[in-house]
Amino acid sequence: MIRSTASSGSSQQQGIAAIVGVGPKLGRSIAGKFAHEGYTVAILARDLGRLSRLAEEIASEEKAQVFAIRIDCSDSKSVRDAFETVLSLGFVEVLVYNANYQPPNPTSFQSLPLETFQNSLAVSTVGAFHCAQQVIPSMVERGKGTILFTGCSASLNGIAGYSQLCCGKFALRGLAQCLAREFQPQGVHIAHVIIDGVVGLPRRKSLIVAERSGGGEDGTLDPDALAQTYWQLHVQDKNAWTQEMDLRNSSSTFRFF
Ligand SMILES: NC(=O)c1ccc[n+]([C@@H]2O[C@H](COP(=O)([O-])OP(=O)(O)OC[C@H]3O[C@@H](n4cnc5c(N)ncnc54)[C@H](OP(=O)(O)O)[C@@H]3O)[C@@H](O)[C@H]2O)c1
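None of the values given here were measured: they were computed from a predicted structure.

What counts and how
Residues numbered from 1 in each chain as written. Predicted model: local features only at pLDDT ≥ 70, side-chain atom pairs only at ≥ 80, totals over all residues. Heavy atoms only, no water. Helix = DSSP H or I, 4+ residues; strand = E, 2+ residues; numbered from the N terminus. Rg over C-alpha atoms; globule rule 2.2 N^0.38 Å. Buried < 20%, exposed > 50% of the residue type's maximum accessible area, 1.4 Å probe, protein only. Contact = heavy atoms within 4.5 Å. Areas by Shrake-Rupley, 256 points an atom, 1.4 Å probe, with all protein chains shown as cover. Near = heavy atom within 4 Å. Polar contact = N/O pair within 3.5 Å; in protein donor to acceptor, adjacent residues only side chain to side chain. Nonpolar A, V, L, I, M, F, W, Y, C, P; charged D, E, K, R; others polar. Pairing = 2+ DSSP bridges. Axes fitted to C-alpha atoms, helices over the stretch in contact; angles between N-to-C directions. Salt bridge = Lys/Arg side-chain N within 4 Å of Asp/Glu carboxyl O. Right-handed = clockwise from strand over helix to strand, strands pointing away.

(A) Molecular detail of the overall build of the protein chain. Looking only at helices and strands, the protein chain features 7 helices and 8 strands. The globule rule puts the C-alpha radius of gyration for 257 residues at 18 Å, and the 18 Å found for the protein chain is close to it. Referenced to the eigenvectors of the C-alpha coordinate spread, the extents of the protein chain come out at roughly 50 × 45 × 40 Å. Going through the 257 residues of the protein chain one by one, you find that 50% of them count as buried. Taking the contacts inside the protein chain whose residues are at least 6 apart along the sequence as the reference set, 75% of them involve residues at least 24 apart. With the model as given, the accessible surface of the protein chain reaches about 12,200 Å², and the carbon-plus-sulfur share is 51%.

Given below as structure tokens:
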């Protein structure tokens, strides 16, 4: 575990926000948003070097405590070890499960190795199962907590050449619905966010490029804007909880209708 700290001056009455699957796009933006709102944040992924650079960046921008913790979501022992560290930091009030196996190209079903298919399910679904099992007991005990799962258009539609991605994401959606039905009555908010489009760079980073290319109207989704919605889901009044939500850039066409 690598700790990056910048004094926030805020009292730490809140729990921890654990963001699993953090790279430079959505995961980084969600972690930054929860840090901005005063949470101590644990960010988790496999590449500890990159993760610790992101943790330092967020800690210094948001004047927050950010912990970088290695996890491989496809390995149940790695998930258990990582959460032992996360839980030693305090109560996990927010879990965002963002990790996925990203296939580089469409692969014909006949040439898709079983190992690739299994790995995608292991990361998208089994990893989510393990992470949720680590945090739900104390959320139930306290009668509060939020778990947000990240989906995509492949969560709803089969796509030729992407059976590994679609099956992993379909199953994740099923898990989210089952957990919501079981744990919402016990005070745990569980939602599934379908991102219908390509996540781009945050506008703050792509500003110069965007100005050159005509205002950034490239149809991608700004991860900072997405992160804002994750925050809004977390702070929703429990009398009106969202279980599933879809998000797209206003200039893009709907992919899954
Ligand atoms: N990018 C898009 O266009 C897009 C579109 C729709 C939906 N989404 C969804 O949004 C989520 C985030 O995607 P993003 O592209 O914005 O990526 P990101 O949040 O920048 O990074 C996600 C990180 O997950 C980590 N990861 C992958 N496999 C892992 C594993 N086995 N164990 C632990 N961590 C793992 C990777 O880091 P390490 O390599 O260091 O482990 C990766 O950088 C995904 O669930 C994706 O399906 C993305």
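(B) The site of the ligand, seen in detail. Residues in close proximity to the ligand total 27 residues, the closest being Lys-25, Gly-27, Arg-46, Arg-50 and Val-199. Lys-169 places a side-chain nitrogen or oxygen 3.0 Å from an oxygen atom of the ligand. If the ligand stood free it would expose 870 Å²; the protein chains cover 87% of that surface. At the level of secondary structure, the elements contributing two or more residues to the shell around the ligand comprise α1 (26–36) and β6 (145–152). Top contributing element to the shell around the ligand by residue count: β6, with 3 residues. Considered class by class, the residues forming the shell around the ligand number 12 nonpolar, 9 polar and 6 charged.

(C) Structural view of the environment of Glu-244. The topology assignment puts Glu-244 in strand β8 (residues 244–247). With a relative accessible area of 28%, Glu-244 lands in the partly exposed category. For Glu-244 and Ile-194, which are 50 residues apart along the polypeptide, the C-alpha to C-alpha distance reads 7.5 Å. Here Glu-244 is in contact with Arg-173, His-192 and Ile-194, once residues within four sequence places are set aside.

(D) Structural context of the sheet that holds strand β7 (residues 188–195). A sheet is described by the order of its strands in space; here 8 strands give the open sequence β1-β4-β3-β2-β5-β6-β7-β8, paired in mixed fashion. Bordering the open sheet on either side are β1 (2–5) and β8, each of which pairs with just one other strand. This sheet shows a mean twist of 15° between the axes of neighbouring strands, independent of strand direction. Pairing analysis gives 5 bridges linking strand β2 (residues 16–20) to strand β3 (residues 40–45), with the strands arranged parallel.

(E) Region of interest: the pattern of salt bridges. Under the defined criterion, the tally for this structure stands at 9 salt bridges. Between Lys-33 and Glu-37 there is a salt bridge whose closest N-O contact spans 2.7 Å. You can call Lys-33 buried: its relative accessible area is 14%. Here Asp-246 and Arg-248 are joined by a salt bridge, their closest N and O atoms 3.0 Å apart. In this structure Asp-246 comes out as partly exposed when scored by relative accessible area, which is 34%. Arg-248 sits in the buried class, given a relative accessible area of 19%.

(F) Molecular detail of the pairing of strand β4 (residues 65–70). With 4 bridges joining them, β1 and β4 adopt antiparallel strand pairing. When the bridges of β4 are listed, Ile-2 appears paired with Ala-68. In this sheet, β4 lies alongside β3 in parallel orientation, the contact comprising 5 bridges. Bridge assignment links Ile-43 to a residue of β4, and that residue is Ala-68. Chirality of the crossover, the property in question, places the unit of β3, helix α2 (residues 48–62) and β4 among those that are right-handed.

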